[in-house]
Amino acid sequence: MGYDARPPEEGAHPDLPAPEGEPSERVSQDEPLLAARVHRPSDLMRLLVGVLAIALVIAIAAFAHGTTSGLEQDINKGAGGAPDVFVKIAGLVSSIAVLLVPVAFAIERLIKRDGLRIADGVLAAVLAHGVTLATDLWVAKAAPGTIQDALTQPASGGGLTDPVHNYLAPVIAYMTAVGMARRPRWRLGLWTVLLLDAFTMLVAGYTTAFSIILTVLIGWTVAYGTLYAVGSPNVRPTGQTLLAGLRRVGFKPVSALRAEGAGVPDSADSGDRGRRYIVTLEDGPPLDVTVVDREQQAHGFFYRVWRRITLRAITTRRSIVSLRQALEQEALLAYAAIAAGANAPKLIATSELGPDAVMLVYEHLGGRTLDSLDDKEITDELVRSAWHQVRALQSRRIAHRRLAGDAILVDRSGKVILTDLRGGEIAAGDLILRMDIAQLLTTLGLRVGAERAVAGAVAVLGPDAIADCLPLLQPIALSRSTRATLRRLARERSKREREAVLEASEAAKRARAEAHADAGITDLKADRKSDRKIEKAEKQAEKRALDSALDEAREEDLLAQIRQQVLLIRPQAPVEPVRLERIKPRTLISLIAGAVAAYFLLSQIARTPLSTISSADWRWVAAAVLFSALSYIAAAMSLLGFVPERVGFWRTVIAQVAGSFVKIVAPAAVGGVALNTRFLQRSGVRPGLAVASVGASQLFGLGAHILLLLAFGYLTGTEKSQSFTPSRTVIAGLLTVAVLVLVVTAIPFMRKFVSTRLRSLFAGVVPRMLDVLQRPLKLLTGIGGMLLLTGVFVLCLDASIRAFGHGSQGISYASVAVVFLAGNALGSAAPTPGGVGAVETALTLGLVAVGLPIEVATPAVLLYRLLTLWLPVLPGWLCFNWLTKRGAL
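First things first, this report covers the structure right here in the doc. This is a predicted model, so every value here is computed, not measured.

Conventions we followed
Residues numbered from 1 in each chain as written. Predicted model: local features only at pLDDT ≥ 70, side-chain atom pairs only at ≥ 80, totals over all residues. Heavy atoms only, no water. Helix = DSSP H or I, 4+ residues; strand = E, 2+ residues; numbered from the N terminus. Polar contact = N/O pair within 3.5 Å; in protein donor to acceptor, adjacent residues only side chain to side chain. Contact = heavy atoms within 4.5 Å. Salt bridge = Lys/Arg side-chain N within 4 Å of Asp/Glu carboxyl O. Buried < 20%, exposed > 50% of the residue type's maximum accessible area, 1.4 Å probe, protein only. Pairing = 2+ DSSP bridges. Axes fitted to C-alpha atoms, helices over the stretch in contact; angles between N-to-C directions. Parallel < 35°, antiparallel > 145°, perpendicular 65-115°, else oblique. Left-handed = near helix turned anticlockwise from the far one by under 90°. Phe/Tyr/Trp six-rings, centres within 6.5 Å; stacked < 30°, edge-to-face > 60°. Lys NZ or Arg CZ within 6 Å of the ring centre and 35° of its normal.

**Observations concerning the side chain of Thr-221**
In this fold, Thr-221 is placed in helix α8 (residues 209-230). A polar side-chain atom of Thr-221 sits 2.7 Å from the main-chain carbonyl oxygen of Leu-217. In this structure, Thr-221 is in contact with Leu-47, Gly-50, Val-51 and Ile-54, ignoring residues within four places of it in sequence.

In structure tokens form, the structure reads like this:
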């Protein structure tokens, strides 16, 4: 019989046989939809660990010269007493065996028709050999002397030994890629040979300890990088393996039908639930079989690791669980749930399906999940029945940990059965049990409303138990799929409320215009003045209405409704949320960004002599401070020039100062756009128009930046000659930009990426510009603000140079402008917060390229970045909090 991996037809029930004349979907051979190769997150993690370990070894070799030299002396002293004959024999045997063992293993794998693994191993070996050659070349030609001393030593025939062994690393990469770790005998034999070979080379003085360590790490890292890049052979059990496994535990299967939707997890918190089959036996009722393999366990691995880092340990499950542990945990929970009196699937057999999968065999349960039921089918009796199951579990302190809609099964008689117990917990603490109650309240509330969900819970568990769960009624305590549903519903509510307010506002404007037309007012000047007052009042009323609508939308949030229902029963119930987060994502990102920025800043300061700083001309430093402060006024002008609506100027200036803090925790091109868009929205500009205004400002800014770069570049090329011909450097730069543009437009995925980003940023810009063009003063303010912004930044950089260069060392203003414009472009493209690292490097190299000494360029750039990036952070943070408290952000 053939196997078809397609799910049953819509409306078909897995309990029912296929209609007469239509073949059932059967499992009896390999599943055609299984991917031939899979990219395992574990391979990526090992790759990253290997890269970090290599970097650590090189750092120790570079900075701990005393430690490495002392270690080498100790090894040489200890190896001096080894018998020479033993060393030679061991070296000869290990050199031969280190090549024979991999060849023998390859032959054994080929005989068993496992050639894919051998091909992976050979590819990893070739790549490892290339990496070792590159490492040898780097150590010999460009590495610091301390690294060369740690990885090499004088050879007996003259010269130095190899920093990395060109044959040992490929063998390790081959061994790791072919999967010898799963075959203990082969692994033991090869590691014995490798260690013997390394020991003999170390004793004979052909290598160093750090060289051996680096060789092993390179082979190991390249192997896992290869496996992750090309994918590992898929070892997931097939249908034929499933049927064979059932026969081994005493069943006589006839066929297996893949349960609908199984094996297609839609979220990380449900990805390890396994593939489910309904198995028909020769005699007896059918079985429900769940197959769990390593690939399914890896689904959502990084999400679980992130939750483990950011949340308190008590609220999270283990990120890495072996198959044996998963099998034992689910079996224990299945027996414990039934012993507690809950309706749960009865486990009747378990078995391994090879080294990479297990199966769990349950009695067959017919029914549908809560998610698949219609709203009218979810009665109050069914809601109370679900709470009875939770009460049974909690009476024995068993936590389910995932009471979502697809974990609650309703059979044909209406009995509620709790499934997916694998993620549960025995002897759970109070916090985890209360999280279960909060999760089920939300799950049922999404289907029947807050009032019915709370009423059913109170009827079964009592008001005190429900009141105690209120501090856990927060999104972070719920499952990932539930949080996604709540966010989607919140967006839909906010959109509806906003559209209703805007429609009412438009209707009022139309009614006023019609009233004016009918009245036939003749005093146009007085009418215009009255219209402006009415328009201003309407805008303020519209803003208040939008804020009120958003507040009402938040009040309609399901969690808020559940709290209100519980507080009606227990007014004194605690509502202060329990802190479940160990660290907030924004805080973590800020710490990482701050550490990176501090590293770059301190490393640059360390290279600047104190004498240079002490000799600075403080008059030019004061001028640079003034120009830096003027940049916020210019930025406010460049934004407001593209906003036809009335927005407060000084509050806009404060928002630009707040942007100095935001760009430290986000890339410059992202943080400023988001902050300005949010500021305009909170200032009464409609969301679409706010995005269009910021997009228009960005578009004009980009055009002005390019034109100024070309103009100043042209002037730089002609300032030292009488002819008006640009320099070759400018021509080369323009050609480079043109080539990059052609490359981006020629590659489909890059073209799509760029066009999508530009389209989303500049959507609605053209209609917005038509509004701005009707007010020339606004347009003049915007363009003037952009030119002023560029001018004050260039003046700030020029003043910083003069503070250390005493006359700017003959560097023209046009040259400084070109360097600033190029460095600013790199800073906007760099992924680091505030362009840290990229801007400093670009500005320093640019100033050196135009003739400024490095001794002047470095402190000048540091002063410029200090005034424009670092000093405004604290004022920016104060302004950000001030605007946030007043509802302007």
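**What about the pattern of salt bridges?**
Side chains that differ in sign of charge can pair as their charged atoms come close. Throughout the structure, instances matching the rule amount to 14 salt bridges. Residues Arg-46 and Asp-43 are paired through a salt bridge, measuring 3.9 Å at the closest nitrogen-oxygen approach. One end of the pair, Arg-46, and the other, Asp-43, are both in helix α1 (residues 41-63), three residues apart, so they sit about a helical turn from each other. Overall, Arg-46 belongs to the partly exposed group, its relative accessible area being 34%. Close ionic contact of Arg-447 with Asp-375 constitutes a salt bridge, the shortest N to O distance being 2.7 Å. Residue Arg-447 is found in helix α14 (residues 430-448), and its partner Asp-375 is found in the loop between β8 (368-369) and α13 (380-395); the two are separated by 72 residues along the sequence. Taking the relative accessible area as the measure of exposure, Asp-375 reaches 48% and is therefore partly exposed.

**Quick look at the environment of Gln-561**
Its location among the elements puts Gln-561 in helix α19 (residues 558-569). Gln-561 sits 110 residues away from Glu-451 along the chain, and the two C-alpha atoms are 8.0 Å apart.

**Digging into the pairing of strand β4 (residues 275-281)**
The buried fraction of β4 amounts to five of the seven residues, a majority that puts the element mostly inside the structure. In terms of strand pairing, strand β3 (residues 253-258) meets β4 through five bridges, oriented antiparallel. Within β4, the residue paired with Leu-257 across the bridge is Ile-278. When β4 meets strand β5 (residues 287-293), the two strands line up antiparallel, connected through five bridges. Looking at β5, one finds that Tyr-277 is bridged to Val-289. In this structure, the hairpin formed by β4 and β5 is closed by a connection of five residues, where Gly-284 is found at a positive phi of approximately 105°.

**A few points about the packing of α14 against helix α15 (residues 450-461)**
The contact between α14 and α15 brings their axes to 7 Å, and the two run at 140°. Classified by the angle their axes make, α14 and α15 are oblique. Here α14 runs over α15; the crossing is right-handed. In this structure, α14 uses Ile-437, Leu-441, Leu-444, Gly-445 and Val-448 to contact α15, whose residues at the interface are Ala-450, Arg-452, Ala-453, Val-454, Ala-457 and Leu-461.

**What about the packing of aromatic side chains?**
Taken as a whole and assessed by the stated rule, the structure comprises five aromatic pairs. Their ring planes at 55° and their centres at 5.7 Å tell us that Phe-661 and Phe-880 sit as a pair that is tilted. Placement of the pair is Phe-661 in helix α23 (residues 649-662) and Phe-880 in helix α33 (residues 873-885), with a sequence separation of 219 residues. Looking at Phe-880, the relative accessible area reads 18%, which means it is buried. Three or more aromatic residues link up through ring pairs in this structure, and these residues are Phe-793, Phe-820 and Tyr-864. A cation sits over an aromatic face here: Arg-802 above Trp-620, 5.5 Å from the ring centre.

**Some words on the sheet that holds β3**
If you walk across this open sheet you meet the five strands as β3-β4-β5-β7-β6, and the pairing is antiparallel. In this open sheet, the two strands that pair with only one neighbour each are β3 and β6 (347-352). Direction aside, the axes of adjacent strands within the sheet are offset by 25° on average. Taken together, the five bridges between β6 and strand β7 (residues 357-363) define a ladder with antiparallel strand orientation. Bridge assignment links Leu-347 to a residue of β7, and that residue is Tyr-362. Along the sheet, helix α9 (residues 239-248) contacts β3, β4, β5, β6 and β7; its crossing angle with β3, the most-contacted strand, is approximately 135°. Docked against the sheet, helix α12 (residues 323-339) engages β5, β6 and β7, running at close to 15° with respect to β7.

**A look at the sheet that holds strand β9 (residues 408-410)**
Within a beta sheet, neighbouring strands are joined by backbone hydrogen bonds and run either parallel or antiparallel to one another. Pairing within the open sheet is antiparallel, and its three strands lie in the order β8-β9-β10. Taken across any chain shown, the strands that pair with only one partner, and hence form the sheet edges, are β8 and β10 (416-418). The pairing of β9 with β10 spans three bridges and is classified as antiparallel. The residue of β10 that forms the bridge with Val-410 is Val-416. Its contacts with the sheet place α13 against β9 and β10, and it is angled at close to 40° to β10.

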